[in-house]
Every structure is written in C-alpha cells, then in structure tokens.
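Observations on the model geometry
Take a look at the letters that make up each chain.
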Amino acid sequence: MHNFRTKFIAAGALALSLGLGAVSAKAQEFINVLTGGTSGVYYPLGVALSEIYGKGIEGARTQVQATKASVENLNLLQQGKGEIAFALGDAVKLAAEGNTEAGFPGKLDKLRGIAAIYPNYIQIVASKESGIKTLADLKGKSLSVGAPASGTELNARAIFAAAGLNYEDLGRVEYLPFAESVELIKNRQLDATLQSAGLGVASIRDLATSVPINVVAVPAQDVAKIGSPYLSVTIPKGTYEGQTEDVATAAVGNFLITHADVSDETGYQMTKLLFENLDQLTAAHAAAKAIDMAKALHGMPVPLHPGAERYYKEKGLVK
C-alpha cells in the first residue's frame, strides 16, 4: 500500500511539474472545431486544423464537428459549444447585428475574430440538358440553394435580389447540402445547384465528371449591387471538367471565429499555429492556398480575440 501511495504521489508530482512546464495551456484544454458538411471545404480543413492544434497545443484534446456550417457554427460559439469555427463573412456580420431572418436569436456578442482565411466562390452549376446558361434562365427551373439559413443560402438570397429574381420565380426550391444536391442532378431530379465554397469543391468536381454541366455567371454589375463583403471574381476555365471558359461570379471571405471565453493563450496558439502550418492545410484542401497572413484582418466583421491580436502585434500587422 505504502509503495502504491508513494508511486501515486510521485506520479502526481510529475504531472504537476509537467503542468508547470507547459507554457501553452491548462492541463486539459478542449478544442471543438466547428466545420460544415463532409463534402464541403470547411470539413477537411477543420480535420487538418484539429490535428495541428492537437499536436501543437499542450494538453489539448481536439475534435471536429460536422455541422450545417456558418449560421449553426456561430450560434454554437455563442453558446460556448465550440472553440473555433469556420464561417462566411456575411453570416458573421449578420450574427453580430442579431439578424433574426438569417437565423440568429439576437446579437451574438461573444464572437471574436481569429483570421480571414480564403474566399468562398458562389458557384451556380446546372446540368447541360437543363439549358440554364444565365441567372434569368433559372426562372421556372429547380434549384438547390443549400441548407435553410446556411451561409450558402444567405448568399443565394443576396444574388437573387441583385439579379432582380426571387425564389417564387423558380419552378422549385430545394434546401439541400452540397452532396445531396449533386445526387439529385445526376438522377435528373434537379436542374441546378448553388454552392458557396472554395474553388474545386469535391461536390461539383464529382458532378462535372458524372454529367455535362454549365457554370452560370453572376455578372460583375450584380455583385456591385450587393456591395461589401461581396467581391467580383472569376472561376478560371478548367476548374471543373467540361468548363471551357472563365466564368464571372461573386466571392465572400471566410473567417475563423472563436468566442470571448476562450483563454488569451489558446486564442494566441490557435492563430499562431494556423499560420505556421499552412502547408498541412493546403495538403488537406487546395482552397487553403489563398490563406495569407497579410490579408488576415481584411473585412473582419467582429472584434479580434485578444490572443489573436497579440499574435498580429508580434507580426507587425496590428500597432
């Protein structure tokens, strides 16, 4: 018994000394990474991020949660049910404002910024046989606009308003995630899908290799009508099989967001490790190639987390 007790005390002392030696975190730091559907871009990047944090933050236990993306993620952060989340810029802005129509119960005042990451391209893809080539051609046709009140669906509403269209103009509206939308098009049960994601998203790659497609343009003048945080961009030809020319569309920046109750040290480590491991993120999904520390603060819709701010001060991005 004496021997066991001595061992127990020694183990406790060792754990204590290890704990005191740990610069970065409490003995058991839990980091839940909130992503999106498994066929999107948030999910593979979230898996990579959780691995980076699991290795790099002492005592951290990490997990990845597949969600309905932006809106759900921001609501979960406000409730303290996640430590870091991927979200679209317009959703973050609407969350901070407490826009109930967008799916927020009130102003989400605990949201804090980590970094602007890469832009989401709003990609409207129709089966060639649907004959849809322009936004106006969507009238009377069937379109999936993403899960209800998701970041993608908020983008769909904005694009439609700018083009002088609304959901009533469509033959049918489906509120489905990316992979399910693609399956319906393959089975000729749906004409088109609007997906807000990084370029080369798996779901559209899969669709383009299965059936001939048209990538539908969102003209620059429509994007200008929406204004910030929307930008006019180009989907380069050859991004998807059968896409023979560049197509104009809109992009909205993605952000990594945390909440005010996450410790300053953890916020600092999450920011630092993000930028120190961009190669691992790019290996997980090519969209991460666009992550650039010089643009980390561009258009940030909420206050920076103090830990992130400390990192940016060290790097000279914040005075």
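These lines cover the structure that appears in this document, whether it is placed above or below.

A few points about the nonpolar core
With 101 residues, the main nonpolar core has Y53, L74, I257, L281 and Y312 as its most contacted residues. No other element matches the eleven residues that strand β4 (residues 111-127) contributes to this core. Once you skip the residues sitting within four places of it in the chain, L74 turns out to touch A87, A91, V92, A95, F104, L108, L111 and I257.

With respect to the packing of helix α2 (residues 42-56) against helix α9 (residues 264-276)
Their axes nearest at 10 Å, the elements α2 and α9 cross at an angle of 115°. For the pair α2 and α9, the crossing hand works out as right-handed. Between α2, through L49, I52, Y53 and G56, and α9, the contact on the second element is made entirely by Q269, M270, L273 and L274. Among the residues forming the contact of α2 with α9, the class breakdown is six nonpolar, two polar and no charged.

Points about the environment of N32
Note that N32 resides in strand β1 (residues 29-34). Spatially, the C-alpha atoms of N32 and G46 are 9.7 Å apart, while their sequence positions differ by 14 residues. When sequence neighbours within four positions are dropped, the list of residues in contact with N32 reads Q63, V64, Q65, K81, G82, E83 and I84. Here Q65 takes part through its side chain, which lies 2.8 Å from a polar atom of the side chain of N32. A distance of 3.1 Å separates a polar atom in the side chain of N32 from the backbone oxygen of K81.

Some remarks on helix α6 (residues 178-186)
Restricting attention to buried positions, one finds in α6 the residues F178, S181, V182, L184 and I185. Relative to the axis of α6, the buried residues are bounded by an arc of 160° and lie together on one face. On its buried side, α6 packs onto β4, β5 (142-144), α5 (151-162), β7 (192-197) and α7 (202-210). R188 sits one or two residues past α6 and shows a positive phi near 60°.

As for the packing of aromatic side chains
This model, assessed by the stated rule, comprises seven aromatic pairs. Judged by centre distance (5.6 Å) and plane angle (80°), the rings of F160 and Y167 are edge-to-face. Judged by its relative accessible area of 3%, F160 is buried. Its relative accessible area of 17% is what places Y167 among the buried residues. Seen from their ring centres, Y167 and Y175 are 6.3 Å apart, and the 70° between their planes marks the pair as edge-to-face. Through a chain of ring-to-ring contacts, the aromatic side chains of Y268, F275, Y311 and Y312 assemble into a single cluster. We note R310 situated over the ring of Y268; from NZ or CZ to the ring centre the distance is 3.6 Å.

Comments concerning the pairing of β1
Within β1, five of the six residues are buried, which leaves it mostly tucked inside the rest of the structure. Two strands pair when backbone bridges link them, and β1 and strand β2 (residues 60-65) are joined in this way by six bridges, in the parallel orientation. Looking across to β2, one finds that E29 is bridged to A60. At this point the chain moves from β1, through α2, to the parallel β2, and the crossover so formed is right-handed. As defined by bridge partners, β1 adjoins strand β3 (residues 84-88) across two bridges and the pair is classed as parallel. Within β3, the residue paired with L34 across the bridge is A85.

What counts, and where the lines are drawn
- Residues numbered from 1 in each chain as written.
- Predicted model: local features only at pLDDT ≥ 70, side-chain atom pairs only at ≥ 80, totals over all residues.
- Heavy atoms only, no water.
- Core = buried A, V, L, I, M, F, W, Y, C linked by side-chain atoms within 4.5 Å.
- Buried < 20%, exposed > 50% of the residue type's maximum accessible area, 1.4 Å probe, protein only.
- Helix = DSSP H or I, 4+ residues; strand = E, 2+ residues; numbered from the N terminus.
- Contact = heavy atoms within 4.5 Å.
- Axes fitted to C-alpha atoms, helices over the stretch in contact; angles between N-to-C directions.
- Left-handed = near helix turned anticlockwise from the far one by under 90°.
- Nonpolar A, V, L, I, M, F, W, Y, C, P; charged D, E, K, R; others polar.
- Polar contact = N/O pair within 3.5 Å; in protein donor to acceptor, adjacent residues only side chain to side chain.
- Arc of directions from axis to C-beta.
- Phe/Tyr/Trp six-rings, centres within 6.5 Å; stacked < 30°, edge-to-face > 60°.
- Lys NZ or Arg CZ within 6 Å of the ring centre and 35° of its normal.
- Pairing = 2+ DSSP bridges.
- Right-handed = clockwise from strand over helix to strand, strands pointing away.

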